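Inside the fold
Spelled out, the chains give:
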Amino acid sequence: MGKSVDMLRHATPFLLGVAATLVCLTFYRSKIIIGGHERSLEAFALINATQVNSTNIACEKKEVASFDDRLISRKEVVNQTTVQNATPVEEEPFPGLLPLLKRVATNDKTVIMTSVNEAWATPNIFLEGFRIGEGIQHLLDHLIVVTLDPNAWNLCTAVHPHCYPLTVDGKNFTSEKVFMSGDYIDLVWSKVKLQRRILELGYNFLFTDVDILWMRKPLKHITVYADLTASSDEFLGDPDDINNYPNTGLIYVKSTQKTIEMMNYWIDARNRYPPNHEQTIFNLIKADLAGNLTVKIQYVDTSYCGGFCNHGNDLNKIFTMHANCCVGLQAKLHDLKQIIEDWKFYTALPIEEKRKGLFTWRVPGLYCMH
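Residues numbered from 1 in each chain as written. Predicted model: local features only at pLDDT ≥ 70, side-chain atom pairs only at ≥ 80, totals over all residues. Heavy atoms only, no water.

Quick notes on the overall build of the chain
Rules: The helix and strand labels rest on DSSP assignments: H or I over at least four residues marks a helix, E over at least two residues marks a strand, and numbering proceeds from the N terminus. Burial status follows relative accessibility: with a 1.4 Å probe on protein chains alone, a residue under 20% of its type maximum counts as buried, one over 50% as exposed, and anything between as partly exposed. Any pair of residues with heavy atoms lying within 4.5 Å of one another is described as a contacting pair. A 1.4 Å probe and the Shrake-Rupley method give the accessible areas. Residues count as covered only by the protein chains that appear here.
Within the chain, the secondary structure is distributed over 12 helices and 10 strands. A buried classification covers 42% of the 370 residues belonging to the chain. The long-range fraction of contacts in the chain, counting pairs at least 24 apart against all pairs at least 6 apart in sequence, stands at 68%. Taken as a whole, the chain presents about 20300 Å² of accessible surface, with 57% of it coming from carbon and sulfur.

Encoded structure:
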């Protein structure tokens, strides 16, 4: 009797399990019949894995869905946190500049650049200098022409492949800007800010005013050791003399951390010496740049890179000629055209006549006498 009781006690769980199984099978079977589709249990389970009609499967799916929802919510929280904690991406102040630099720069990452508005883009004298100069036409491949208004952009792109549109909010630089006028001051400082960005992007630049005619390659007079090389309005005989009066219309700057700091110092100095253009302020702070920032500054002899202020007369030595010390677009254009005529006459001379050095300029001419 005791054995029977023990057997019954051990068999009870088994029998209950069998009964539960039969109930489940009966339940699933009845659901299939009620659904009107006679299918196997395996097929039914597969079908109902994607349906919510079955109460049991729906419960299972509700738990899975709840877990998935938690995963999604967690991902959303993580993503939101990541976005909130991410460092904001600064907008490029000069869009499209870097791809242009990569395309135009020389092997040592140097670009030549000038800037024009519509008033100066129309005559196109600047580009003519490269075409009639001695072996410098290929330098146009490395020249970026910065345009200061839409009309200048249209004129530039019609004749040159490397143009860059520079805009200054609220300013219209289309017409001629009179020396030292408010718009003129804003124009030259916008140029300096663009030059700083070029250095920050790792490129050296040789900036040339558009009223400078190139006859030969001035890079021959730029030394490796100098951080900055500038032309001169007044050259005192020693290229390292800090007292030379600079002309930033022709200026070469290497890209280093030191020169970037120099540009920041230069731009900040505008607020200390208003209202002045960049060349005057550079002359005022050049001793600070050389002393405090240890910037190596060198000046080019006016016999090589001259201007109407001061120039050599030997055309065998000249590399560039600047229409400085002359006010007014028409006056500059008149005398620049005269320089082109003089240069063409000189280059047509026999070699023996050139070596004598007897032929010289007719500059400054009648319009730019000073």
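Further notes follow.
With respect to the sheet that holds strand β7 (residues 245-253)
Rule in force here: One bridge is not enough; two strands pair if DSSP finds at least two bridges between them. Only the contacting stretch of a helix is used when fitting its axis, a line to C-alpha atoms as for every element, and angles between N-to-C directions run 0 to 180 degrees.
On the basis of which strands lie adjacent, the open sheet formed by seven strands has the order β3-β2-β1-β4-β7-β6-β8 and mixed pairing. Looking along the sheet, the strands with just one partner apiece sit at the ends: β3 (163-165) and β8 (297-299). Shown here is a sheet whose adjacent strand axes are inclined to one another by a mean of 35°, direction ignored. The sheet contact formed by strand β6 (residues 228-234) and β8 spans three bridges and is parallel. Across the sheet, Thr229 pairs through a bridge with Gln298, a residue of β8. Here helix α7 (residues 150-159) sits on the sheet in contact with β1 (110-116), β2 (143-147) and β3, set at roughly 165° to β3. Sheet strands in contact with helix α10 (residues 278-291) are β6, β7 and β8, and its direction is about 80° off that of β7.

Regarding the sheet that holds strand β9 (residues 305-307)
Pairing in this open sheet of three strands is mixed, and the strands run β5-β10-β9 from one edge to the other. Each edge of the open sheet is held by one strand with a lone partner, namely β5 (212-214) and β9. Taken pair by pair, the neighbouring strands of this sheet meet at an average axis angle of 20°, ignoring direction. Pairing of β5 with strand β10 (residues 320-322) involves three bridges; the strand directions are antiparallel. Counterpart to Ile212 in the pairing with β10 is His322.

Observations regarding the confidence of the model for the chain
As a note on interpretation, predicted positions should not be read in detail where pLDDT is low. The line we're drawing: As a per-residue measure, pLDDT tells how confident the predictor is, with possible values from 0 to 100.
Per-residue pLDDT for the chain has a mean of 79; in total, 70% of the residues score no lower than 70. When pLDDT is averaged over each element of the chain, helix α4 (residues 97-104) comes out on top at 98 and helix α2 (residues 41-48) at the bottom at 37. Residue range residues 18-85 is modelled with pLDDT below 50. Its contacts to residues more than four positions away, or to other chains, number 24 contacts. Note on residues 175-180: pLDDT under 50 across the span, and 18 contacts to partners over four residues away in sequence or across chains.

As for the side chain of Ser231
Note on placement: Ser231 falls in strand β6. Its relative accessible area of 5% is what places Ser231 among the buried residues.

What to know about the packing of aromatic side chains
To keep it simple, the criterion reads: Any two of the Phe, Tyr and Trp rings considered here, Trp counted by its six-membered ring, make a pair once their centres fall within 6.5 Å; the pair's planes then place it as stacked at under 30 degrees, edge-to-face at over 60, or tilted in between.
Here the structure, examined in full by the defined rule, presents six aromatic pairs. Seen from their ring centres, Tyr304 and Phe319 are 6.3 Å apart, and the 70° between their planes marks the pair as edge-to-face. Here Tyr304, found in the loop between β8 and β9, pairs with Phe319, found in the loop between β9 and β10; they are 15 residues apart in sequence, far enough to count as distant. Owing to a relative accessible area of 9%, Phe319 belongs among the buried residues under this scheme. On the numbers, 5.2 Å between centres and 40° between planes, the contact of Trp343 with Tyr346 is tilted.

Considering the pattern of salt bridges
It is possible for side chains of opposite charge to pair when their charged atoms get near one another. Applied cut-off: The salt bridge criterion pairs a side-chain nitrogen of Lys or Arg with a carboxyl oxygen of Asp or Glu, the two atoms within 4 Å.
Inspection of the entire model under this criterion finds 10 salt bridges. Here Glu92 makes a salt bridge to Arg197, at a shortest N to O gap of 2.6 Å. You can see Glu92 sitting in the loop between α3 (55-85) and α4 and its partner Arg197 sitting in helix α8 (residues 182-200), a full 105 residues away along the chain. Under the relative-accessibility criterion, Arg197 is labelled buried at 18%. Across the salt bridge formed by Arg362 and Asp342, the nearest N and O atoms sit 2.7 Å from each other. Of this pair, Arg362 sits in the segment after α12 (351-356) while Asp342 is found in helix α11 (residues 329-347), placing the two residues 20 residues apart along the sequence. You can call Arg362 partly exposed: its relative accessible area is 43%. The class of Asp342 is buried, set by a relative accessible area of 3%. Residues joined in a network through salt bridges with shared partners are Glu92, Arg197 and Glu200.

A few points about the packing of helix α9 (residues 257-268) against α10
Note the cut-off: Should an angle lie under 35 degrees it is considered roughly parallel, over 145 roughly antiparallel, and from 65 to 115 roughly perpendicular; all remaining angles are considered oblique. With the far helix as reference, a near helix turned anticlockwise by less than a right angle produces a left-handed crossing, and one turned clockwise produces a right-handed crossing. Residues are sorted three ways: Asp, Glu, Lys and Arg are charged, Ala, Val, Leu, Ile, Met, Phe, Trp, Tyr, Cys and Pro are nonpolar, and all the rest, Gly among them, are polar.
The interhelical angle for the contact between α9 and α10, taken along N-to-C directions, is 125°, at an axis separation of 10 Å. Here α10 runs oblique to α9, going by the angle between their axes. In the crossing of α9 with α10, the sense of the turn from one axis to the other is right-handed. Within the contact between the two elements, α9 uses Met262, Tyr265 and Trp266 and α10 uses Glu278, Ile281, Phe282, Ile285, Asp288 and Leu289. Across the contact of α9 with α10, the residue classes break down as seven nonpolar, no polar and two charged.

Some details on the state of the cysteines
The condition is simple: Cysteine sulfur atoms are paired as a disulfide whenever they come within 2.5 Å of each other.
All chains considered together, the criterion is met by three disulfides. Disulfide pairing places Cys156 opposite Cys163 at an S-S distance of 1.9 Å. Residues Cys156 and Cys163 are joined through a disulfide that is left-handed, its torsion about the S-S bond being -90°. Exposure class is identical for Cys156 and Cys163. Each is buried. With a sulfur-sulfur separation of 1.9 Å, Cys326 is cross-linked through a disulfide to Cys368. Across the disulfide from Cys326 to Cys368, rotation about the S-S bond amounts to roughly -55°, and the bridge is consequently left-handed. Within this pair, whereas Cys326 is found in the loop between β10 and α11, its partner Cys368 is found in the segment after α12, the two being separated by 42 residues in sequence. Residue Cys326 shares its accessibility class with Cys368, and that shared class is buried. Across the chain, the way the bonded cysteines pair up, counted in sequence order, is 1-2, 3-4, 5-6.

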